[in-house]
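Inside the fold
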Amino acid sequence: MPTVKILTVIGTRPQFVKAAMVSRAIINHNADERYPRLVEEIIQTGQHYDREMSAIFFEEMGIPEPVADLQVKSALHGEMTGLMLTRVEAEIMDRRPDWVLVYGDSNSTVGGALASAKLHVPVAHVEAGLRSYNRRMPEEINRVVADHISDLLFCPTHLAVRTLAGEGVTKGVHHVGDVMYDAALVFGELAEKRSDVLDRLAVKQGGYCLATCHRAENTDDPGRLRGILTALGAVREKTPVIFPLHPRTRKYIDLHGLGGLLDGLTVIPPASFLDMVRLEKSAALILTDSGGVQKEAYFHGVPCVTLRDETEWVETVEQGWNILAGADTEAILDAVSRAGTGQPIPEFGQGRAAETMVDLLVEATPDQED
């Protein structure tokens, strides 16, 4: 029976979550001796090196330990991507995988995809076909590049499939559903059992708003960051606001002299994964600039206000779960006043996206000897 070798490249918090689900699906696949065995090796780029945002995932979620940590820390985008390209290339040459698996839209995504493509190793991209159409976002550049050099493109929505077709990308494109929905189903119940974060923060179910902010378009622009923080302060006058503070956001709050706008908010360090899931599930409302958190709000049945001018997840807006508010204080507060629940979004799947991706990886691998 042939063996399929997969090299998984991850570096950011959302990628750890998605990779956990695929790793679990690989383990389940290997339990059936009728099928080719999959051997997965995980490379951690180090893009998020804070313990609460990386290593704890391996403990809480059971992801296999990485075989290498490339230790690429925060830097300018070109420097970071260049270092990842060089170091991932060396790992690919040493480990000789059949596939390189990349996730999402980070510098780790494009670094892994470019290194693989240049060595003529097939690339599989999880969350392919998403577009914000805002080229000022580094994430948009990353996802476009990754999609156009990938051999398997795993799309979470039908719109993503149509988007790729509009760009001339049709080969190897599959609608598989959203792997983050898999994670929401698996870990939502576990978080309720294992996380005591509500008790530690002295809040009750439905008794607070949850806010996150980390995108460069918001943190690097003092006007936008001020608008967001001012809005959170106004929301806090009626409802407590829990604000897990990303290291990048803390850096720019200090740089822009906006620390006083944190007064009254419940500012906490980046939460562990299960704590974050518990906070999302129990919030009355979520305000975020994170693509992943927008979807997780829907998965947990919580209204969302997105602190951006556009979103890759237009389905959440169209079906009434999400309101785009940008970074203007008054626009955010207006969205908060109108936010509510909406209609189901069936194309995110039935919680089997990871299993489908594993099956497609096996099918797409040429027959080979052990």
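Our subject is the structure that appears above.
Each residue is numbered by its place in its chain's sequence as written, counting from 1. A pLDDT threshold of at least 70 governs which residues receive local features in this predicted model, and a stricter bar of 80 or more applies before side-chain atom pairs are shown or counted, although totals over entire chains, interfaces and linings include all residues. For side-chain calculations, the full set of non-hydrogen atoms in the structure is used, while hydrogens and water are omitted.

To count as a disulfide, a pair of cysteine sulfur atoms needs to be within 2.5 Å. Applying the stated criterion across every chain yields a total of 0 disulfides. Unpaired in terms of disulfides, Cys213 finds its nearest cysteine sulfur in Cys304, a separation of 13 Å. On the basis of relative accessibility, which here comes to 3%, the residue Cys213 falls in the buried class. To sort residues, take the accessible area from a 1.4 Å probe on protein chains only and compare it with the maximum for the residue type: under 20% means buried, over 50% means exposed, and anything in between is partly exposed.

If you trace the 7 strands from one edge of the open sheet to the other, you get β3-β2-β1-β4-β5-β6-β7, paired in parallel fashion. Every other strand in the sheet has two partners, leaving β3 (68-69) and β7 (173-175) as the edge strands with one partner each. Two strands pair under a simple rule: DSSP has to find at least two bridges between them. Helix and strand assignments follow DSSP, with helices taken as H or I runs no shorter than four residues and strands as E runs no shorter than two, numbered in order from the N terminus. Here strand β1 (residues 3-10) runs beside strand β2 (residues 37-44); their pairing, made up of 8 bridges, is parallel. Across the sheet, the residue bridging to Thr3 is Arg37, located in β2. Contact definition: two residues touch when any of their heavy atoms are within 4.5 Å. Helix axes are fitted only over the stretch in contact, all axes being lines through C-alpha atoms; the angle between N-to-C directions runs from 0 to 180 degrees. Contacting β1, β2, β3 and β4 (99-103), helix α3 (residues 77-95) runs over the sheet at an angle of about 165 degrees to β1. Each of β6 (152-155) and β7 touches helix α6 (residues 158-166); the most contacted strand, β7, lies at about 160 degrees to it.

For soluble globular proteins, the rule of thumb is that nonpolar side chains tend to be buried together. One finds Ile6, Val22, Leu101, Phe154 and Val179 to be the most contacted residues of the largest nonpolar core, which totals 53 residues. The element best represented in this core is helix α1 (residues 13-30), accounting for 8 residues. Here, the term nonpolar core denotes a set of buried Ala, Val, Leu, Ile, Met, Phe, Trp, Tyr and Cys residues that are joined through side-chain atoms within 4.5 Å. Counting 26 residues, the second largest nonpolar core, distinct from the first, contains Ile253, Val305, Ala325 and Ala327.

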